[in-house]
Amino acid sequence: KAEAQERKRLAATKTNGKQRPGPTDKYTGPHLKAPWTLGQANALMDHLVVQSKSKTDLIHASYMEEVLLNGVEMFKEMPSVMHVPVPTQEAGETLIVVGDTHGQLADVLYIFSVHGPPSTTTTYLFNGDIADRGPQACEICALLLCFKLACPGSIFINRGNHENADINERPAKNGGGFANEVRSKYDRDMFHLFQQLFNNLPLATVLGDECLVVHGGLCRLNPSIEQMKGVQRDMQCPDLPLTMDETILFDSLWADPAPDGEPAGSGRGGVCYSFDETATSKFLNLNSLSLVIRSHQLPPKQRGYMLHHVNKVLTIFSASNYCGVCANHGAILILRGGMSEVWEYRAPPMDVLQQTWDDTKAAREKEAKKRQMEKLGAKPKLGIGDIALTQIRSQRWGGRSESRKVKVAGGLSEGNQLTLSEYVPEENKASLRRKSKSAVGMDNAILRAIKERICVNRATLLSAFHKIDKNRDELIELRKWQQVVQETLQVPIDWDLHGDALVNKEQATASHGSGTAVNYVKSLERYQIRLAEGYSGWQTGVLARVYEKLQKSNLSFDALKKRFDKDLDGNVSHQEVLDTLQTLDLGLSKSQYERALLWMNMDEGRTFKAEDFISQLYVMCHDGRPALSPPPRKP
């Protein structure tokens, strides 16, 4: 009902196709309006490449609104499952499946720069999760919609679980961020328009008669394609699906393949569904299909793809270096002339893309003309542009490719052979440095982002380390240290590449086996948030006084617990810590105590287990001195 009222309100304010005044004469951004043309869409793409460098305006609100309104009307007429033909060898056409992009515009532009933008001969299927996490999902949506409006057969878009308001409303650090992005660039009404677009995106696409492309995965009800096609999808994804339509919608966006050999279950917890190999075979047999292509998950080992269930399911993930910290490769699936290829890559930073954009533009235009001639039955000769694109595709930015073939269930290519063009990072770091300063900066940026997350999560990490420190000697195995850090930060870390820069290793004692161990207290001493000059000095003094008071108190571990845990419930609250610190006679005002609590990771409303808090307190307050271990616990 609320959604219907919102649509009615937007329709009532619409006049002559626009709801807002147009831009002024000072506007330096792109002009987007009917009649929609590929030239206009390509001009927008060129603008987005140089926008950050030239400081030109964002897409004007009136243009963004018109693009969205037209996009909503177009997608509203489509069924919940689209059918797209697979290019034949004679057609001279290409179909490219793109996985999650999550607001990472550089990935989208890099894919278009290498493989050509959407056109009459190059079709793209974006498999959901355009929104959230990254900062430029608005621009990606506008670009795809402009191509779609100009050439409807050049772009198809499936809905992902992040094309949903409740996820978008979360902060970026919690997996959302799109609502904040839209409101910071435009306003709340524009966010509602985006939600109308998301609600009308199809749930899946069938390629030829061979495979289903869906963002999450298969539905627990094992529906037919016809049943999926009839789903009334114009709604937000429910937290608890109750009807058949809601269940198909929910599982299409959220389901995951269960690991090979494991039964179906709930991989993400709650009502989420993970489908096993048996469920995959049942669905494929019921619908006379042979392959499922999906996205939704970051593949392990920094790859951009993963095969599941005896190669009947293929995951494609296209956001390379996900969130700026994962150091993973992106991947796309290319179908062309009876050939299918998974193409892995690492997108360059935007400044590198800007430098190479004009160089590759001529090659892209040359290939577009060649494809058009092939479509018309001509046989164009190989030219310089073709050679340039071939070199770009084989070299990759910052690395090279290695190809191998695997047998897949689908008949998307001759002999069911899928080519895996895997990305191999440049091994010679000196060579990479000579290529671009940004190439060097990428690893540094990843490392810096990981260190920042460790800083923010120091207290949580220390608590987790204490739980697995059975010997109470502040040493744990390196493998366990890495596992705790990775699970707490919730990002995959390339330990071979960044491990030595993140932790100092010590030779393990006999009780820790024959490997290396980590002194986890000392490992966290390196990670401190530094404040500005004049402000950090005051912080140092406060924490030093707390440290001295703890030393002089000479209390047992249990006595210290009781001093902070006033109500003896086993937990220490923000208020209990504040009350206890005020009894230490530190000579501070209440607001200064509150600031000191923030440095101790004790935000208002937060609680810690009492014993973990006491242990953490000694680490947080030592201020660069040799770490003071907490009093021993009673056996």
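Further up the page is the structure itself.
Being a predicted model, the structure only gives us computed values, none of them experimental.

Rules and cut-offs
- Residues numbered from 1 in each chain as written.
- Predicted model: local features only at pLDDT ≥ 70, side-chain atom pairs only at ≥ 80, totals over all residues.
- Heavy atoms only, no water.
- Helix = DSSP H or I, 4+ residues; strand = E, 2+ residues; numbered from the N terminus.
- Phe/Tyr/Trp six-rings, centres within 6.5 Å; stacked < 30°, edge-to-face > 60°.
- Buried < 20%, exposed > 50% of the residue type's maximum accessible area, 1.4 Å probe, protein only.
- Lys NZ or Arg CZ within 6 Å of the ring centre and 35° of its normal.
- Pairing = 2+ DSSP bridges.
- Axes fitted to C-alpha atoms, helices over the stretch in contact; angles between N-to-C directions.

(A) Layout of unusual backbone geometry. At the junction of Ala-34 and Pro-35, the peptide bond is cis and its omega measures out at 0 degrees in the coordinates. You can see Pro-35 is positioned in the loop between helix H1 (2-13) and helix H2 (38-54). If you check the backbone angles, His-296 has positive phi at about 75 degrees while not being a glycine. Summarising the element assignment, His-296 is placed in the loop between strand S9 (291-294) and strand S10 (305-308). Despite not being glycine, Val-310 has its phi angle at roughly 55 degrees, a positive value. If you trace the backbone, Val-310 turns up in the loop between S10 and strand S11 (313-316).

(B) Quick peek at the packing of aromatic side chains. What the rule picks out here adds up to 16 aromatic pairs. Where Phe-112 meets Phe-147, the ring centres are 6.1 Å apart and the plane angle is 80 degrees; that geometry is what we call edge-to-face. Pair noted here: Phe-112 is in helix H4 (residues 105-115) and Phe-147 is in helix H5 (residues 137-150), with a separation of 35 residues, a long-range link. Residues Phe-112 and Phe-147 agree in their burial class; the two are buried. Judged by centre distance (6.4 Å) and plane angle (50 degrees), the ring pair of Phe-178 and Phe-191 falls under tilted. Of this pair, Phe-178 sits in helix H7 (residues 178-185) while Phe-191 is found in helix H8 (residues 188-199), placing the two residues 13 residues apart along the sequence. Owing to a relative accessible area of 2%, Phe-191 belongs among the buried residues under this scheme. What links up through ring pairs into an aromatic cluster is the set Phe-112, Tyr-124, Phe-126 and Phe-147. Across from the ring centre of Phe-156, 4.2 Å away, lies the NZ or CZ of Lys-148, which sits over that ring. Its guanidinium or amino end placed over the ring of Phe-191, Arg-183 lies 4.8 Å from that ring's centre, counting from NZ or CZ.

(C) Structural view of the sheet that holds strand S5 (residues 204-207). The sheet built from six strands is open, its strands ordered S1-S5-S6-S9-S11-S10 with mixed pairing. In this open sheet, the two strands that pair with only one neighbour each are strand S1 (81-84) and S10. Strand-to-strand twist across the sheet, computed as the mean angle between neighbouring axes with direction ignored, equals 20 degrees. Relative to S11, S10 runs antiparallel, the two sharing four bridges. Each bridged residue has a counterpart across the sheet, and for Met-306 the counterpart in S11 is Thr-315.

(D) Molecular detail of the sheet that holds strand S3 (residues 122-127). Across the sheet, seven strands lie side by side as S4-S3-S2-S12-S13-S15-S14; this open sheet has mixed pairing. Each end of this open sheet is capped by a strand with a single partner; those strands are strand S4 (155-158) and strand S14 (399-407). Neighbour-to-neighbour, the strand axes of the sheet open up by a mean angle of 20 degrees, direction not taken into account. In the sheet, strand S2 (residues 94-98) pairs with strand S12 (residues 330-336) via five bridges, with the strands oriented antiparallel. Within S12, the position partnered with Val-97 by the bridge is Leu-333.

(E) Seen up close, the environment of Val-50. Tracing the sequence through the fold places Val-50 in helix H2. For Val-50, a relative accessible area of 38% corresponds to the partly exposed category. Distance in space between the C-alpha atoms of Val-50 and Gln-354 is 6.3 Å, their sequence separation being 304 residues.

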